[in-house]
Amino acid sequence: MSENLDKSNITEAGKSKSNDSEQGLVEDAVEGSDEAFQKEVKSGSPSTQRVQRPHSSPPRFVTVEELLETAKGVTNMVLAHEIVVNGDFRIKPVELPEDSLEKRVKEIVHKAFWDCLNVQLSEDPPTYDHAIKLVGEIKETLLSFLLPGHTRLRNQITEVLDLDLIKQQAENGALDISKLAEFIIDMMGTLCAPARDEEVKKLKDIKEIVPLFRAIFSVLDLMKVDMANFAVSSIRPHLMQQSVEYERKKFQELLEKQPNSLDFVTQWLAEAADDLMNQKYKNALPAVGEATGSDDGPMPSPVAVQNCAYLKLLKWDHLQRPFPETVLMDQSRFQELQLQLEQLTILGAVLLITFSMAASGISSQANFAEKLKMIVKILLTDMHMPSFHLKDALTAIGEKVCLEVSSCLSLCGFTPFTTDKETVLKGQIQAVASPDDPVRRIMDSRIVTFLETYLTSGHQKPLPTVPGGLGPVQTELEEVAIKFVRLVNYNKMVFSPYYDAILSKILVRY
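Values in this document were obtained by computation on a predicted structure and should not be read as measured data. (Residues numbered from 1 in each chain as written. Predicted model: local features only at pLDDT ≥ 70, side-chain atom pairs only at ≥ 80, totals over all residues. Heavy atoms only, no water.)

Asker: Can you help me understand the overall build of the chain in this one?
Answerer: Within the chain one finds 20 helices and 0 strands. Burial analysis of the chain (510 residues in total) assigns 41% to the buried set. Pairs at least 24 apart in sequence give 76% of the contacts found in the chain among residues at least 6 apart. For the chain, the exposed surface amounts to about 28600 Å²; the carbon and sulfur share of it is 54%. (Helix = DSSP H or I, 4+ residues; strand = E, 2+ residues; numbered from the N terminus. Buried < 20%, exposed > 50% of the residue type's maximum accessible area, 1.4 Å probe, protein only. Contact = heavy atoms within 4.5 Å. Areas by Shrake-Rupley, 256 points an atom, 1.4 Å probe, with all protein chains shown as cover.)

Asker: Would you mind showing me how to read the confidence of the model for the chain here?
Answerer: Looking at the chain, pLDDT values average 80 and 79% of them are 70 or higher. Confidence over residues 1-62 falls short of pLDDT 50; this stretch has 108 contacts with residues more than four positions distant or in other chains. Throughout residues 287-294 the model reports pLDDT below 50, and contacts reaching past four residues in sequence, or to other chains, amount to 4 contacts. (pLDDT = per-residue confidence, 0-100.)

Asker: Just checking my understanding: could you explain the packing of helix H14 (residues 331-357) against helix H17 (residues 390-412) for this structure?
Answerer: Packed helices, taken two at a time, are described by their axes: the angle between them and the distance between them. For the pair H14 and H17, the least separation of the axes is 12 Å and the interaxial angle reads 35°. Along this stretch, H14 crosses H17, giving a crossing that reads as right-handed. Where H14 approaches H17, its residues Ile346, Val350 and Thr354 are matched on the opposing element by Leu390, Leu394, Ile397, Val401 and Val405. (Axes fitted to C-alpha atoms, helices over the stretch in contact; angles between N-to-C directions. Left-handed = near helix turned anticlockwise from the far one by under 90°.)

Asker: Sorry if this is basic, but what is going on with the nonpolar core here?
Answerer: The tendency in soluble globular proteins is for nonpolar side chains to be buried as a group. Judged by nonpolar contacts, the single largest core of 93 residues is most densely connected at Trp268, Leu269, Leu451 and Phe484. Take this core: its biggest share by element is 15 residues, from helix H20 (residues 474-506). Sequence-distant contacts of tryptophan 268, defined by excluding residues within four places in its chain, comprise Ala309, Tyr310, Leu313, Trp316, Pro324, Thr326, Val327 and Tyr499. In this structure, Leu134, Met187, Leu212 and Met223 belong to the second largest nonpolar core, which totals 40 residues. (Core = buried A, V, L, I, M, F, W, Y, C linked by side-chain atoms within 4.5 Å.)

Asker: What is the right way to read the packing of helix H6 (residues 129-144) against helix H7 (residues 151-160) from this model?
Answerer: One can describe the packing of H6 onto H7 by two numbers: an axis separation of 10 Å at closest approach and a directional angle of 175°. Classed by the angle they form, the pair H6 and H7 counts as roughly antiparallel. Counting all contacts with H6, which are made through Lys139, Leu142 and Leu143, the residues of H7 involved are Arg154, Ile157 and Thr158. Of the residues contributing to the contact of H6 with H7, the split by class is 3 nonpolar, 1 polar and 2 charged. (Parallel < 35°, antiparallel > 145°, perpendicular 65-115°, else oblique. Nonpolar A, V, L, I, M, F, W, Y, C, P; charged D, E, K, R; others polar.)

Asker: Is there a simple way to explain the side chain of asparagine 307 in this structure?
Answerer: Mapped onto the fold, asparagine 307 is located in helix H13 (residues 302-312). A polar side-chain atom of asparagine 307 sits 2.7 Å from a polar atom in the side chain of lysine 492. Among residues more than four places away in sequence, those in contact with asparagine 307 are Leu455, Thr456 and Lys492. (Polar contact = N/O pair within 3.5 Å; in protein donor to acceptor, adjacent residues only side chain to side chain.)

Asker: Would you take a moment to explain the pattern of salt bridges for this structure?
Answerer: Should the charged atoms of two oppositely charged side chains come close, the side chains can pair. Under the counting rule described, the total for this entry stands at 17 salt bridges. With a closest N to O distance of 2.6 Å, lysine 103 and glutamate 98 form a salt bridge. What emerges from the salt-bridge pattern is a single network uniting Glu370, Lys373, Lys377 and Glu476. (Salt bridge = Lys/Arg side-chain N within 4 Å of Asp/Glu carboxyl O.)

Asker: I'm lost on the environment of valine 244 in this one. Help?
Answerer: Mapping valine 244 onto the fold places it in helix H11 (residues 209-257). Look at valine 244 and you get buried, because its relative accessible area is 18%. Separated by 163 residues in sequence, valine 244 and histidine 81 place their C-alpha atoms 8.9 Å apart. The contacts of valine 244, once residues within four sequence positions are left out, are Tyr490, Met493 and Val494.

Asker: Is there a simple way to think about the packing of aromatic side chains in this case?
Answerer: The description of an aromatic ring pair uses the distance of the two centres, along with the angle that the planes make with each other. Evaluated as defined, the whole model comprises 13 aromatic pairs. Taking the centre distance of 5.3 Å and the plane angle of 80° together, the rings of phenylalanine 251 and tyrosine 498 count as edge-to-face. Of this pair, phenylalanine 251 sits in helix H11 while tyrosine 498 sits in helix H20; the two residues are 247 residues apart in sequence, bridging distant segments of the chain. The class for phenylalanine 251 is buried, based on a relative accessible area of 2%. The exposure class of tyrosine 498 is buried, given its relative accessible area of 0%. Each residue in the set Phe251, Trp268, Tyr310, Phe495, Tyr498 and Tyr499 is aromatic and connected to the rest through ring pairs, giving one cluster. For the cation-ring pair, arginine 321 lies above tryptophan 316, with the distance from its terminal atom to the ring centre recorded as 4.2 Å. (Phe/Tyr/Trp six-rings, centres within 6.5 Å; stacked < 30°, edge-to-face > 60°. Lys NZ or Arg CZ within 6 Å of the ring centre and 35° of its normal.)

Asker: Please explain unusual backbone geometry as it appears in this structure.
Answerer: Most peptide bonds take the trans form, and the phi angle of most residues other than glycine is negative. Put simply, aspartate 124 and proline 125 share a cis peptide bond, and its omega is 0°. Counting through the fold element by element, proline 125 comes out in the loop between helix H5 (101-122) and H6. The phi dihedral of aspartate 99 is positive, around 65°, even though this residue is not glycine. Topologically, aspartate 99 is positioned in the loop between helix H4 (64-85) and H5.

Asker: Is there a simple way to explain a nonpolar patch on the surface in this structure?
Answerer: Among the surface-exposed residues, Leu101, Val105 and Val109 lie close enough to one another that they form a single nonpolar patch of about 280 Å² accessible area. Structurally, leucine 101 can be placed in helix H5. You can call leucine 101 exposed: its relative accessible area is 59%. (Patch = residues over 30% accessible without salt bridge, like charges linked within 9 Å, V, L, I, M, F, W, Y side chains within 5 Å.)

Asker: Looking at this model, I keep getting lost on helix H9 (residues 177-191). Mind explaining?
Answerer: The periodicity of an α-helix, 3.6 residues per turn, causes residues three or four positions apart to be oriented the same way. With 15 residues, H9 should cover 21 Å at 1.5 Å per step; its first-to-last C-alpha distance of 21 Å lies within 8% of that length. Along H9, the residues that are buried comprise Ile177, Leu180, Ala181, Phe183, Ile184, Ile185, Met187, Met188 and Leu191. For H9, the capping residue at the N-terminal end is aspartate 176, with a side-chain oxygen 3.3 Å from the backbone nitrogen of serine 178. (Expected span 1.5 Å × (residues − 1).)

Asker: When you look at the environment of methionine 357 in this model, what are you seeing that I'm missing?
Answerer: In this fold, methionine 357 is placed in helix H14. Along the chain, methionine 357 and lysine 421 lie 64 residues apart, while their C-alpha atoms are 8.3 Å from each other. Aside from chain neighbours lying at most four places away, what touches methionine 357 is Phe417, Lys421, Val424, Leu425 and Gln428.

Here it is in structure tokens:
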């Protein structure tokens, strides 16, 4: 069911004390950079197309202009979020797939252009129409690299690459195209990042004009990417301060155009509230012979429901269920955490079974425990690849674990495993393939408990004590927990006004 949130309440609940002029500056910077970053964001972010949308909200016809404006707003919001959340965010040069139609067309068009330039320069006297256009493009590109304080360099570029003067020189047969190219290369060397010094230096070895201009444009394209990444790193500190309000504002604009943009969020939170109420009811059931418990216990708080909802994202069926709208931009990150936790569950279960059956002395040996963990991790590396078969992998793990344990027992002077004990150990390890395996379920439950405790603690240090049996995977589990809680806390800062408004209507039903 779609929740019709009161715009004024949301706006009031989400007000920020930041300076309005700075907010406008950051927004303009992000929106102005949209075209440069759009392909990278699309390739790294989950699709915003939705399926199986509830039909409770009546359809509304929109114009093409409204659709384009909404798409641009979503793109800008995704871009700002990606820059803030992903510290490794970088723009990369576009690389078209081999043998693709787009790449073939691009190569044909470029070849035709450079062939035409070669023909013009080979004429007697040479024709410089195309060459002058190229110089004009290079001039604009070099000027775009300059900062406001680069007055001297701006004057140099404007003076030497004066197109009117160059045209006059061409008409009078006095144009020295090699001298212009030499100035361009020197200016590129002045403006490029240190990583491009080698590429710029190689340009000086090219003597023919057409290949030289072609190489110049290739290096300029790389310099544009460097400049874009410099812009990203420059605006990141400002976005960190303003991103919460910016994302909320953009989402509110989307919500006004698409009122059903919180349908899946409402479903998600309602399911979490139901889970907590069912757990409360289950805990309140009396034992045999006891009086019926009171039904007047405390209602789950909105914070508790939100925490439960976030934990549900770590068990999400991404193929069958649409992801909630407010966490859609982080779907790939939640999915990655989910896969890591599934692997940790299997790893922890195998190590718990092994150390429980082996002599107590070997489990306390740090070197052996670490070696065994690394062996099992390597064998589970491709766990989520389509070609991976967990049952076969666990069979191989059982064989390897038995060899390592037997070797360690011999070195430590303990009684070696009997054949029957090895058979039991291998069987228990293979049983972990089933989601209903008791040991696997225990590990999964304890991991969820640890994450829930850390989430409830408000991201305080030190981290909560790891439950029993999770000691061998403590380091990996804590790394996942930190990433998870950071994502959750940021999402709460942006969307908590919407969650509070939705939960205020859900919780009154109980």
